[in-house]
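Descriptive structure summary
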Amino acid sequence: MSVLIAFLSLAVEFFLGYPDWLFRAIGHPVTWIGRLISFLDLKLNRATDPDALRRQRGVQALLVIVLVPGVIGLCLQILLLWFIPLGLVIAALLATSLLSQKSLHDHVEAVADALDSGGLAMGRVAVSRIVGRDPETLDRAGVCRAAIESLAENFSDGIVAPAVWTGIGGLAGGAAYKAANTADSMIGHRTPRHEAFGWAAARFDDWINLPASRLSALLIVLAAFLVRRADPGTAWHAVWRDAKKHRSPNAGWPEAAMAGALGLALAGPRSYGGVLVDDVFMGEGGRREADSADIRRALKLYRVADCLLIGLLGLISVVVILA
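**A short note on the overall build of the protein**
Looking only at helices and strands, the protein has 12 helices and four strands in total. The C-alpha atoms of the protein give a radius of gyration of 20 Å, which matches the 20 Å a tight globule of 323 residues would have. Along the first, second and third principal axes, the C-alpha set of the protein runs to 55 × 55 × 40 Å. Per-residue burial over the protein gives 51% buried out of 323 residues. Within the protein, counting contacts between residues at least 6 apart in sequence, those at least 24 apart form 70% of the total. Distance between charge centres in the protein, computed from 31 positive and 29 negative side chains, equals 2 Å.

**Overview of the packing of aromatic side chains**
Tallied over the full model, the rule gives five aromatic pairs. With a centroid separation of 5.7 Å and 65° between ring planes, the pair formed by Trp-236 and Trp-240 is classed as edge-to-face. Within this pair, Trp-236 and its partner Trp-240 are both found in helix α10 (residues 232-242), separated by four residues, close to a single helical turn. An aromatic cluster of at least three residues, connected via ring pairs, comprises Trp-236, Trp-240 and Trp-253. Lying across the ring of Trp-199, Arg-55 places its NZ or CZ 4.5 Å from the centre.

**Thoughts on a nonpolar patch on the surface**
A grouping of Val-64, Val-68, Ile-72, Leu-76, Leu-86, Val-89, Ile-90, Leu-93 and Leu-94 is seen on the molecular surface, where their side chains present a nonpolar patch of about 710 Å² in accessible area. Contributing elements (two or more residues each) for the nonpolar patch: α4 (51-80) and α5 (86-95). Here the nonpolar patch takes five residues from α5, the largest share from any one element. Tracing the backbone shows Ile-90 in helix α5. On the basis of relative accessibility, which here comes to 33%, the residue Ile-90 falls in the partly exposed class.

Reading the values: rules and limits
- Residues numbered from 1 in each chain as written.
- Predicted model: local features only at pLDDT ≥ 70, side-chain atom pairs only at ≥ 80, totals over all residues.
- Heavy atoms only, no water.
- Helix = DSSP H or I, 4+ residues; strand = E, 2+ residues; numbered from the N terminus.
- Rg over C-alpha atoms; globule rule 2.2 N^0.38 Å.
- Buried < 20%, exposed > 50% of the residue type's maximum accessible area, 1.4 Å probe, protein only.
- Contact = heavy atoms within 4.5 Å.
- Lys, Arg positive; Asp, Glu negative; His and termini not counted.
- Charge placed at Lys NZ, Arg CZ, Asp CG, Glu CD.
- Phe/Tyr/Trp six-rings, centres within 6.5 Å; stacked < 30°, edge-to-face > 60°.
- Lys NZ or Arg CZ within 6 Å of the ring centre and 35° of its normal.
- Patch = residues over 30% accessible without salt bridge, like charges linked within 9 Å, V, L, I, M, F, W, Y side chains within 5 Å.
- Areas by Shrake-Rupley, 256 points an atom, 1.4 Å probe, with all protein chains shown as cover.
- Salt bridge = Lys/Arg side-chain N within 4 Å of Asp/Glu carboxyl O.

Structure (structure tokens):
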């Protein structure tokens with residue numbers, strides 16, 4: 001039933017997203033998990049402790065962060081599956097909160113709209129909502145590349161990965177993944193405060209995203225066959241040539257696929273918090289002068305790749321049910 005829950009949640013969230021009224025009323029699972037992470041960070045991560053102890057406590061914190069949502073998800077799924085088919089529908093609706101198909105599309109599209117209607121200043125404001133780099137350092141092309149990079153990376157860890165882990169472990173697998181991914185985004189940074197304490201969160205997130213990052217790249221390459229003026233051959237070549245050169249073991253795969261399909265050069269040197277990160281290019285040799293039209297082309301690729309993912313899980317669901 002886990003793969004059917006993943007398929008149904010993807011199909012529903014594709015159209016509905018997470019309603020704003022529900023977020024205003026009760027928040028979102030990520031905000032709940034974030035409060036738990038902040039509490040553990042405050043209580044266990046002491047600057048006066050030696051790094052070895054802080055790393056050990058980071059491992060302990062990660063166990064709590066992953067197990068609490070995972071156990072809650074498991075209990076909910078066991079309870080709900082007593083009431084088939086209604087329980088299955090409710091489980092799928094709960095699992096939609098682990099996905100971000102619609103919100104990712106809307107946030108990236110907002111960058112293109114802002115550039116077209118308000119120019120560079122508005123584009124910087126819009127892109128600052130989805131990337132961590134310094135927006136004031138970005139020119140128009142830089143804003144566009146940043147939006148496309150965010151789209152590619154978040155397709156992997158915001159959509160494909162939670163769908164994969166929900167398909168494997170149901171609500172427990174999806175919730176545990178989302179908790180681990182949120183922990184990485186909050187404490188998995190190489191800063192004086194989190195270098196040791198967030199080590200386990202960062203390494204664990206790298207590991208659990210390995211399957212999804214490769215699948216995401218493949219889906220983008222396949223989508224390039226179906227999108228006009230996209231190049232699947234260059235996308236495939238860029239993945240195998242550039243993905244392993246990225247400083248992240250996972251982000252380079254969907255970024256390289258997107259770069260090659262669009263004929264762009266993504267990533268490269270970027271500024272975060274005033275610090276220049278000298279990363280290699282994904283899609284080396286492609287154009288650096290991206291524009292809002294390239295964001296919209298990337299969104300077309302994203303929509304097709306997302307539909308391919310939904311179709312894949314639907315096919316697996318049919319095979320599992322008939323087996």
